[in-house]
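# Summary of structural features
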Amino acid sequence: EAGVTQSPTHLIKTRGQQATLRCSPISGHTSVYWYQQALGLGLQFLLWYDEGEERNRGNFPPRFSGRQFPNYSSELNVNALELEDSALYLCASSDRDRGSGYTFGSGTRLTVV
Amino acid sequence: KQEVTQIPAALSVPEGENLVLNCSFTDSAIYNLQWFRQDPGKGLTSLLLIQSSQREQTSGRLNASLDKSSGRSTLYIAASQPGDSATYLCAVKGGSQGNLIFGKGTKLSVKP
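Just so it is clear, the structure is predicted and the values come from calculations on it, not from any experiment.

## Details of the overall build of chain A
From N to C terminus, chain A includes zero helices and eleven strands. The helix and strand sequence of chain A, counted from the amino end, reads β-β-β-β-β-β-β-β-β-β-β. Computed over the C-alpha atoms, the radius of gyration of chain A is 13 Å, within 12% of the 13 Å expected from 2.2 N^0.38 for a compact globule of 113 residues. By principal-axis analysis of the C-alpha atoms, chain A measures approximately 40 × 25 × 25 Å. In chain A, 53% of the contacts between residues at least 6 apart in sequence involve partners at least 24 apart. A total accessible area of about 5,400 Å² is found for chain A, and carbon and sulfur atoms account for 47% of it.

This is the structure:
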């Protein structure tokens, strides 16, 4: 069974640009979650998508947005990049069962210069 | 609002020791608790998933317990090895938010 896949692995952008990160969940999983892990900080919840809808959002500005496609893959967009957006962005997926666990991808390392 | 705390923040032990990592959470209304391992710069690897109705789960040298009423979980690692060196994260899934809430982790170093 293929795991959660994220692309690209690394991304370097200039301040003010836009970044797009992609995530493909495990087959059969309908929920996708995005987390930010900045250097030296814990995992901060960004967004939760299920069945194409945004279900919950963390304490991040609106320039962090995303969507979920009919095949349950997801995209995270970060507009007007700031230096402090440099972080490891992790995607996870789970199935509909409330008791199901999360499976994480390997992450996208975003560097803003 | 659910908060998850992990103690200690860092731990260094000699190879072969048994050790315990602690996790506490403020809201006992959880669906499950999950322990993860993270190597530097990498994603998270799930170690153990404990449902709210369960008391413990075991996988190899790892054993995790859950006391939902007191808001505590422990991860027991037997006969530690240098390859166990990593950051261990505890996370709870609650009904009100639906997403996993993480502690800040315990950074474990096992010396040969």
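Past the structure itself, the notes keep going.
## Quick word on the interface of chain B and chain A
Of the residues lining the interface, 19 residues belong to chain B; the matching set on chain A comes to 20 residues. Note on chain B versus chain A: buried area summed over both sides is about 1,500 Å², and carbon and sulfur give 51% of it. Put simply, chain B and chain A have zero salt bridges between them. Broken down by secondary-structure element, the contributors of at least two residues to the side of chain B that touches chain A are strand E4 (30–38), strand E5 (44–51), strand E9 (86–94) and strand E10 (100–102) of chain B. If one sorts the elements of the side of chain B that touches chain A by residue count, E4(B) sits on top with five residues.

## A word on the pairing of strand E4 (residues 31–37) of chain A
All names here are of chain A. Of all seven residues that make up E4, seven are buried, and the element is covered over most of its length. In this structure, E4 lies alongside strand E5 (residues 43–50), joined through seven bridges in antiparallel fashion. Its bridge partner lying in E5, valine 32 is registered against tyrosine 49. Counting the residues between successive antiparallel strands, the hairpin from E4 to E5 contains five residues, one of them, glycine 40, with a positive phi of roughly 80°. In terms of strand pairing, E4 meets strand E9 (residues 87–94) through seven bridges, oriented antiparallel. Bridge pairing in E9 places glutamine 36 opposite tyrosine 89.

## Some points on the state of the cysteines
Using the criterion set out here, one finds two disulfides over all chains in the structure. Covalently, Cys23(A) is tied to Cys91(A) through a disulfide, its sulfur atoms 1.8 Å apart. Because the sign of the S-S torsion sets the handedness, a value of about -65° for the bond joining Cys23(A) and Cys91(A) places this disulfide among the left-handed ones. Placement of the pair is Cys23(A) in strand E3 (residues 19–24) and Cys91(A) in strand E9, with a sequence separation of 68 residues. Cys91(A) shares its class with Cys23(A); the two are buried. The disulfide that involves Cys23(B) links it to Cys90(B), with 2.0 Å between the sulfurs. Every disulfide takes its handedness from the sign of the S-S torsion; for Cys23(B) and Cys90(B) that torsion is -60°, giving left-handed. Of this pair, Cys23(B) sits in strand E3 (residues 19–25) while Cys90(B) sits in strand E9, placing them 67 residues apart in sequence.

## Digging into the nonpolar core
Judged by nonpolar contacts, the single largest core of 23 residues is most densely connected at Leu33(B), Trp35(B) and Leu75(B). Not counting chain neighbours up to four residues away, the residues in contact with Leu33(B) comprise Cys23(B), Phe25(B), Leu48(B), Leu49(B), Ile50(B), Leu66(B), Ser73(B), Cys90(B), Ala91(B) and Val92(B).

Thresholds, definitions, all that
- Residues numbered from 1 in each chain as written.
- Chains lettered and ligands numbered in written order.
- Predicted model: local features only at pLDDT ≥ 70, side-chain atom pairs only at ≥ 80, totals over all residues.
- Heavy atoms only, no water.
- Helix = DSSP H or I, 4+ residues; strand = E, 2+ residues; numbered from the N terminus.
- Rg over C-alpha atoms; globule rule 2.2 N^0.38 Å.
- Contact = heavy atoms within 4.5 Å.
- Areas by Shrake-Rupley, 256 points an atom, 1.4 Å probe, with all protein chains shown as cover.
- Buried area = accessible area lost by both parts, 1.4 Å probe.
- Salt bridge = Lys/Arg side-chain N within 4 Å of Asp/Glu carboxyl O.
- Buried < 20%, exposed > 50% of the residue type's maximum accessible area, 1.4 Å probe, protein only.
- Pairing = 2+ DSSP bridges.
- Disulfide = S-S within 2.5 Å.
- Core = buried A, V, L, I, M, F, W, Y, C linked by side-chain atoms within 4.5 Å.

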